[in-house]
Amino acid sequence: MSEQLKDLVRTHTCGAIREADVGKPVVLLGWVHRVRDLGALIFFDVRDRYGVTQVVARDDSDLLATAKRLRPEFVVAVIGPVEMRSAETVNPKLATGTVEIAAGEIRVLNEAVRPPFQIAEETSVSEDLRLRYRYLDLRGPRMQRNIQLRHRVTNVIRRFFDTHDFLEIETPILTKSTPEGARDYLVPSRVHAGQFFALPQSPQIFKQLLMIAGMDRYFQIVRCFRDEDLRADRQPEFTQVDVEVSFASQDQIFELIERLMHELFAAVGLGSIEIPFRRLDYSEALARYGSDKPDLRCDLAVEDISKAFVDSNFKVFRQVVETGGAIRALPISGGGTASRRELDDLVARAGELGAAGLVWARYGPDGKVQSSVLKVAGEAAVRSALELAGAGKEDLILIAAGDGLVASKLLGQLRLEIAQKRGWLDPNRFVFTWVVNFPLLEWDEASRRYTAMHHPFTSPIDTDLERLSSEPGAVRAKAYDLVLNGSEIGGGSIRIHDQAVQRRMFELLNIGPEEAKSRFGFFLDALEHGTPPHGGIALGLDRIIALLAGETSIRDVIAFPKTATAVDLMAGAPADVDSKQLRELKLRSNG
Ligand code: ASP
């Protein structure tokens, strides 16, 4: 039976009571965390968002009878004075660990069924079970911390943009398809049967319209929707910090975001991060790290050592270079002592990653060179390879040959795996980098046409404009990504504000005037009405919070996420709908 709260008012939270409160009568309201029944003495912990406080029931038989009924997750009110705990029961790990409440009255405000898992710091239950009972999972300390962190982060972001004169402006959720390259979630219109709204993949067009509208500086913490093929750590709906600035250069946008990150990290107690961030050319990122989101907590980088083999007797490598390929090497500091077994494992791993082969080289203890291709390549070429790779006496180099990009990607992947294994990716270090000068276009072999690498409103680099017709694939964009510890946490661009360039871009993307008009006509019209030069960025809020929280999955920083297969296990969504609803929408389900 539940009792009433009546006029009972909480005096303290379950995390607040300290030794200075000894003797005071208090009222605590919370959930029963754990019960230890010692017969004539019953201890239980009461928990709320703020912490845990120990309660002891003794002496009074009614009180003991009530305490005996208590089970985990019952909601209770505890009334009584604060006392010091006896020395044996002091818990130095708890902020409230030296005190307890001597219960004078216990009211069971609500009972609870047996929970499917215990609310605890660590839980070994499956993520599916956690997600099915998310409200219980959220009661646990880890999720409480993460959700509180999320609140703090969004607050800092709002305050930051407010102090920099930005306006937070909401943009529509029921809208028209936005060109971010994923599939849209569609919402059928009942009033206009047969027609559909699309949920925004991003507010891209609207934020540009806001610049045309003279809003000057816009931001929004906004939900975006992308119906992507299943990927481990993607959510169909996710949150972006969306930003757009009129009259801004790329450098101004970088500086703004650097300051935001600096403030954010300081505000959540992660210290002072180094700004400005390093800037890395997209082509250099690919060549040296095999990735457009390199993890720069580790200094290892791929070197081009093709020159070592151009005049060598090693026919295979020589031919690779002669036919436009490259020989690339990854030097591993201190790797020279690797055992034969470790070297064999690396070669095997390269095979698993799809490589035709992996060659290694190093200096032996006698100063002579050693290599898996010493015989065929000869001492001089191997020595020259080690020198070109900048290898020291203690180092090992791994060599891949073939298409330069493919070789760099293989070595880049090995770089990450080796760095991970050797503990070179310190989880407490935060290394940011801007990746700049992305290509404007990407060739899509399936449809045999170019697609926008970022989105079709991204401006080409001025000096590359003249190559738009002759060499579209080589044109670079004023597009940038922000990368933190190997994760892309944001991306943006300076936009096209000139209608003629915008039209030209649609042509390149094979979007004919009719299609452009029907998809983005309103936007093309707007461009004619005095569009200021502008640019912006969107930051992935979920990913940033996950990195700040030390979580690997963004699901752990979202209150009600979907599974990796885009299902809400708690609400049971997506789900069938009533046939009446379908009839009203003039839809038929074939499911
Ligand atoms: N709309 C882009 C995105 O969602 C970001 C931007 O260009 O500002 O990735």
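Residues numbered from 1 in each chain as written. Predicted model: local features only at pLDDT ≥ 70, side-chain atom pairs only at ≥ 80, totals over all residues. Heavy atoms only, no water.

Q: Help me understand the pairing of strand β3 (residues 51-58) in this model?
A: Taken residue by residue, a regular strand's side chains alternate between the two faces of the sheet. Of all the 8 residues making up β3, 7 are buried; the element is thus mostly covered by neighbouring parts of the structure. Between strand β2 (residues 41-48) and β3, which pair antiparallel one after the other, the connecting turn spans 2 residues. (Buried < 20%, exposed > 50% of the residue type's maximum accessible area, 1.4 Å probe, protein only. Helix = DSSP H or I, 4+ residues; strand = E, 2+ residues; numbered from the N terminus. Pairing = 2+ DSSP bridges.)

Q: Looking at this model, I keep getting lost on the site of the ligand. Mind explaining?
A: Around the ligand sit 14 residues in total, of which Glu180, Gln204, Lys207, His454 and Arg495 are the nearest. In the environment of the ligand, a nitrogen atom lies 3.3 Å from a nitrogen or oxygen atom belonging to the side chain of Ser202. Between the ligand and His454 there is a distance of 2.9 Å, counted from an oxygen atom to a side-chain nitrogen or oxygen. Within the complex, 92% of the 270 Å² of free accessible area of the ligand lies under protein. At the level of secondary structure, the elements contributing two or more residues to the shell around the ligand comprise α5 (204-212), β22 (487-494) and β23 (534-540). Class assignment for the residues of the shell around the ligand results in 2 nonpolar, 8 polar and 4 charged. (Near = heavy atom within 4 Å. Polar contact = N/O pair within 3.5 Å; in protein donor to acceptor, adjacent residues only side chain to side chain. Areas by Shrake-Rupley, 256 points an atom, 1.4 Å probe, with all protein chains shown as cover. Nonpolar A, V, L, I, M, F, W, Y, C, P; charged D, E, K, R; others polar.)

Q: Quick question: what am I supposed to make of the packing of helix α4 (residues 141-163) against helix α17 (residues 541-549) here?
A: What describes two packed helices is the angle between their axes and the distance between those same axes. The N-to-C vectors of α4 and α17 enclose an angle of 120°; their axes lie 10 Å apart at closest approach. When the axis of α4 is compared with that of α17, the two are oblique. Remark: the crossing between α4 and α17 carries right-handed chirality. On α17, the residues that touch Asn146, Leu149, Arg150, Val153, Thr154 and Ile157 of α4 are Leu541, Asp542, Ile545, Leu548 and Ala549. Class assignment of the residues belonging to the contact of α4 with α17 gives a composition of 7 nonpolar, 2 polar and 2 charged. (Axes fitted to C-alpha atoms, helices over the stretch in contact; angles between N-to-C directions. Parallel < 35°, antiparallel > 145°, perpendicular 65-115°, else oblique. Left-handed = near helix turned anticlockwise from the far one by under 90°. Contact = heavy atoms within 4.5 Å.)

Q: I tried to follow the side chain of Arg543 on my own but got confused; where do I start?
A: Relative to the helices and strands, Arg543 is located in helix α17. Side-chain polar atoms of Arg543 contact the side chain of Asp233, separated by 2.3 Å. With near-sequence residues (within four places) excluded, Arg543 lies in contact with Asp233, Ser487, Glu488, Ile489, Thr552 and Ile554.

Q: Even after reading the chapter, I still don't get unusual backbone geometry, so can you show me in this structure?
A: The bulk of non-glycine residues show a negative phi, and the bulk of peptide bonds are trans. The amide bond that connects Ile275 to the next residue, Pro276, takes the cis arrangement and shows omega of -5°. Mapped onto the elements of the fold, Pro276 is located in the loop between α6 (250-267) and β12 (278-281). Following Ala573, the chain continues into Pro574 via a peptide bond in cis, with omega recorded as 0°. Secondary-structure assignment places Pro574 in the loop between α17 and α18 (579-585). Backbone geometry at Arg448 places phi at a positive 50°, although glycine is not the residue there. With respect to the element layout, Arg448 can be found in the loop between β19 (441-444) and β20 (449-452). Take Arg448: its relative accessible area is 54%, and that puts it in the exposed class. At Asn510, a position not held by glycine, the phi torsion is positive, near 65°. Along the chain, the position of Asn510 falls in the loop between α15 (499-508) and α16 (513-527).

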